[in-house]
Amino acid sequence: MTAARTRASAAASTGRPGGAGRRRRRRAVALLYVLPALLPYTLFAVLPALHTAYLSLYDWDGVTLPSFAGFANYRQVFDDPQLRAAAWHAGALIVFFSVLPIALGLVAAAVVARRSGRRGSTVVRTLLFLPQVVPLVAVAIIWRWVYAEDGTLNQALRAVGLGRLTDSWLGSFTWSLPAVGLIGTWVVAGLCMVLFLSGTQRIDPEIYEAARMDGAGPLREFWSVTAPLLRPEIAVALSITVIAALSSFDLIYITTGGGPGDSTVVPGILIYRLAFGGGQVGLASALAVVLTAVISVAVLVVNRLAREAS
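In this report, we go over the structure that sits alongside the text. Quick caveat: nothing in here was measured; it's all calculated off a predicted structure.

Definitions and limits used
All residue numbers refer to position in the chain's written sequence, counted from 1. Residues qualify for local features only when their pLDDT is at least 70, as the model is predicted, and side-chain atom pairs are given and counted only at 80 or more; totals for whole chains, interfaces and linings, by contrast, use all residues. The side-chain numbers reported here are obtained from all heavy atoms of the structure, hydrogens and water having been left aside. Helix and strand definitions follow DSSP, with helices as H or I runs of at least four residues and strands as E runs of at least two, each counted in order from the N terminus. The quantity called the radius of gyration is restricted to C-alpha atoms. Its globule counterpart is 2.2 Å times the number of residues to the power 0.38. For every residue, the accessible area (1.4 Å probe, protein chains only) is compared with the maximum for its type, and the residue is labelled buried under 20%, exposed over 50%, or partly exposed between those bounds. Using a 1.4 Å probe, the Shrake-Rupley method yields the accessible areas, and only the shown protein chains count as cover for residues. Charge assignment: positive for Lys and Arg, negative for Asp and Glu; neither His nor the chain ends contribute. Working definition for charges: the position is that of NZ of Lys, CZ of Arg, CG of Asp or CD of Glu. To obtain each axis, a line is fitted to C-alpha atoms, and for helices this fit is confined to the stretch in contact; angles are then taken between N-to-C directions over 0 to 180 degrees. Every residue pair with non-hydrogen atoms within 4.5 Å of one another is taken to be in contact. Residue polarity is assigned by list, with Asp, Glu, Lys and Arg as charged and Ala, Val, Leu, Ile, Met, Phe, Trp, Tyr, Cys and Pro as nonpolar; anything else, Gly included, falls into the polar class. A carboxyl oxygen of Asp or Glu within 4 Å of a side-chain nitrogen of Lys or Arg is what we treat as a salt bridge. To pair, rings of Phe, Tyr and Trp, with the six-membered ring standing in for Trp, must have centres within 6.5 Å; the planes then decide the type, stacked if under 30 degrees apart, edge-to-face if over 60, and tilted in the middle. Each angle is binned into one of four classes, with values under 35 degrees roughly parallel, values over 145 roughly antiparallel, values of 65 to 115 roughly perpendicular, and all other values oblique. Handedness of each helix crossing follows the sense of rotation of the near helix against the far helix: counterclockwise by less than a right angle gives left-handed, clockwise gives right-handed. Note that patches include only residues with greater than 30% relative accessible area and no salt bridge, and the join distances are 9 Å for like charges and 5 Å for nonpolar side chains (Val, Leu, Ile, Met, Phe, Trp, Tyr).

**Re the overall build of the protein**
Of the regular secondary structure elements, the protein holds 14 helices and two strands. Rg of the C-alpha trace for the protein: 27 Å, well past the compact-globule value of 19 Å for 310 residues, more than 25% over. Overall, the C-alpha framework of the protein stretches about 100 × 75 × 30 Å when taken along its three principal axes. By the burial criterion, 34% of the 310 residues in the protein qualify as buried. Accessible surface, the protein as shown: approximately 18600 Å² in total, 67% of it carbon and sulfur. Between the averaged position of the 26 positive side-chain charges in the protein and that of its 16 negative side-chain charges there is a distance of 17 Å.

**Some words on the packing of helix α3 (residues 72–79) against helix α4 (residues 81–114)**
Where α3 contacts α4, the axes come no closer than 5 Å and their chain directions differ by 65 degrees. Note on element contacts: α4 touches α3 through Pro81, Leu83 and Arg84, opposite Gln76, Val77, Phe78 and Asp79. Taken together, the residues of the contact of α3 with α4 sort by class into four nonpolar, one polar and two charged.

**Topic: the pattern of salt bridges**
Using the criterion set out here, one finds three salt bridges in the structure. The closest approach of N and O atoms between Arg202 and Glu233, which form a salt bridge, is 2.8 Å. Here Glu233 lies in helix α11 (residues 231–246) and Arg202 lies in the loop between α8 (176–200) and α9 (205–213), a separation of 31 residues in the sequence. For Arg202, a relative accessible area of 46% translates into the label partly exposed. Of the residues examined, Glu233 reaches a relative accessible area of 13% and is grouped as buried. A salt bridge links Arg273 to Asp262, with the shortest nitrogen-to-oxygen separation between them at 3.2 Å. Taken together, the residues Arg273 in helix α13 (residues 267–277) and Asp262 in the loop between α12 (250–255) and α13 connect sequence positions 11 residues apart. You can call Asp262 partly exposed: its relative accessible area is 38%.

**With respect to the packing of aromatic side chains**
Within the structure shown, the criterion is met by 11 aromatic pairs. On the basis of an interplanar angle of 50 degrees and a centroid distance of 6.0 Å, the ring pair of Phe71 and Tyr74 is categorised as tilted.

**What about the packing of α4 against α8?**
In the contact formed by α4 and α8, the axes pass within 6 Å of each other and the chain directions differ by 40 degrees. Taken together, the axis directions place α4 and α8 in an arrangement best described as oblique. Regarding α4 and α8, the two cross each other, and that crossing is right-handed. Residues belonging to the contact of α4 with α8 are distributed by class as follows: 22 nonpolar, six polar and no charged.

**Side note on a positive patch on the surface**
Side chains of Arg22, Arg23, Arg24, Arg25, Arg26 and Arg27 sit close together on the surface and give a patch of like positive charge. Along the polypeptide, Arg25 turns up in helix α2 (residues 16–55).

**A closer look at unusual backbone geometry**
For the bond running from Gly259 to Pro260, omega is -5 degrees, close enough to zero to count as cis. With respect to the element layout, Pro260 can be found in the loop between α12 and α13.

Geometry only, nothing functional implied.
Quick look at the structure:
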């Protein structure tokens, strides 16, 4: 008993309860700093997301009283051929919104970094990043003019004697999806380049000097030094661009509206059609929930792979 009392009095003298109280106060103060951002995020993001998940369990046209449908809407999401086609189109856009921009951004960042400080390098960076700061609606309208039958692209093809290759690019069942995807490549490549340029600034110049002393040329420097050391930035770029590809809506809505037919329909377009044009709010909500889950899983996989590679 005497030993137990001694240990208790020693623990009290060390101030452990007071330390726990200080930790609780620090957490409370930290929460107060977070609240100004947490409250609007909860109001405008978390609660609407929960309400969407709630609506996905009902059959509702947006006007009359909803009827409980359980998981029937989710079964239709996975069974409907149109919904599966929209998912395939979104997957194809990953090539144009993620793979191509990241590849082009890496090359552009390597070239611009090597020419850093030379005349015109700032202008080049600005021109490459410019599509990212232009509103996407304006970008879509401009590219509609470029892709028109009498637009810039077809006029350029005719001017160089390739008139047989002209086409109604956004009205073609074959070329409409790649045409829209290339717009995404043009927009996102500048963002990837800026991310990679910021990454090259933390690479020790002595690493490049050592590579040059070993006889490495520009290509060997890129593959052996630049690309491996930019893995964190590549993971960030991949996460951003995959989200942009899977959640694309405004670019496709302005350029093709999902046509011709359903050749450029993606989940975002289909959610809009079902909710506001087809009176199937429950099905649209289920598709939105599935799309959110797919995007979340994709980002988690990308981040996990990036951590394992680093």
